[in-house]
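Single-letter residue listing:
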Amino acid sequence: MGAVTPEPGSPWVWVLGGDGNIWANAFYGPGGWCNLGAPPGVNVTEPLGVLVVANGMQYGYVLGSDGQPWMTSGPSVPGAPWSPMGSAATAAQKRGAWHGTGESREAGE
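So, here is what we can say about the structure in this document.

1. With respect to the sheet that holds strand β6 (residues 58–64)
Strands belonging to one sheet form pairs held by backbone hydrogen bonds; the direction of such a pair is parallel or antiparallel.
Logical step 1: Pairing in this open sheet of 4 strands is antiparallel, and the strands run β5-β6-β7-β8 from one edge to the other. Two strands close off the open sheet at either side, each with one partner strand: β5 (44–52) and β8 (83–84).

Printed below as a string of structure tokens:
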């Protein structure tokens, strides 16, 4: 899924496990693998990636079997919930965009 370094000398790797859950582990130090679970009621169809923001918080993104991306924070937030981000089709419809054409019906675009 990806690898990040939330602070110098502290690399983490995120993977999709054979059990369908997302797992994370620090390269250095104790702790072992952290089970971050999976979005509720859907299967992970594709791991999308992981990133770190300015405060060192890690965020993982996956594509669910419901067709929408899901996000969770971790592993420093035990039991962090998975949040649906809405499907790209839904977002395009809300903005009035036509899939595949690059056209938009939103004013000013």
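2. A few points about unusual backbone geometry
Most peptide bonds take the trans form, and the phi angle of most residues other than glycine is negative.
Logical step 1: A cis geometry characterises the amide bond from Gly-74 onward to Pro-75, with omega recorded as -15°.
Logical step 2: With respect to the secondary-structure elements, Pro-75 resides in the loop between β7 (69–74) and β8.

3. Observations regarding the pairing of strand β2 (residues 12–16)
Logical step 1: In the sheet, strand β1 (residues 2–4) pairs with β2 via 3 bridges, with the strands oriented antiparallel. The partner of Val-4 across the bridge, within β2, is Trp-12.
Logical step 2: Bridging between β2 and strand β3 (residues 22–26) involves 5 bridges; their strand directions are antiparallel. Bridge pairing links Leu-16 to Ile-22 in β3.
Logical step 3: Linking β2 to β3, which pair antiparallel, is a turn of 5 residues; within it Gly-20 sits at a positive phi near 85°.

4. Observations concerning the environment of Gln-68
Logical step 1: Mapped onto the fold, Gln-68 is located in the loop between β6 and β7.
Logical step 2: Each C-alpha atom, one on Gln-68 and one on Ser-87, is 4.3 Å from the other, the two residues being 19 residues apart in sequence.
Logical step 3: Separated by 2.8 Å, the side chain of Gln-68 and the backbone nitrogen of Gly-86 make a polar contact.

Conventions adopted
- Residues numbered from 1 in each chain as written.
- Predicted model: local features only at pLDDT ≥ 70, side-chain atom pairs only at ≥ 80, totals over all residues.
- Heavy atoms only, no water.
- Pairing = 2+ DSSP bridges.
- Helix = DSSP H or I, 4+ residues; strand = E, 2+ residues; numbered from the N terminus.
- Polar contact = N/O pair within 3.5 Å; in protein donor to acceptor, adjacent residues only side chain to side chain.

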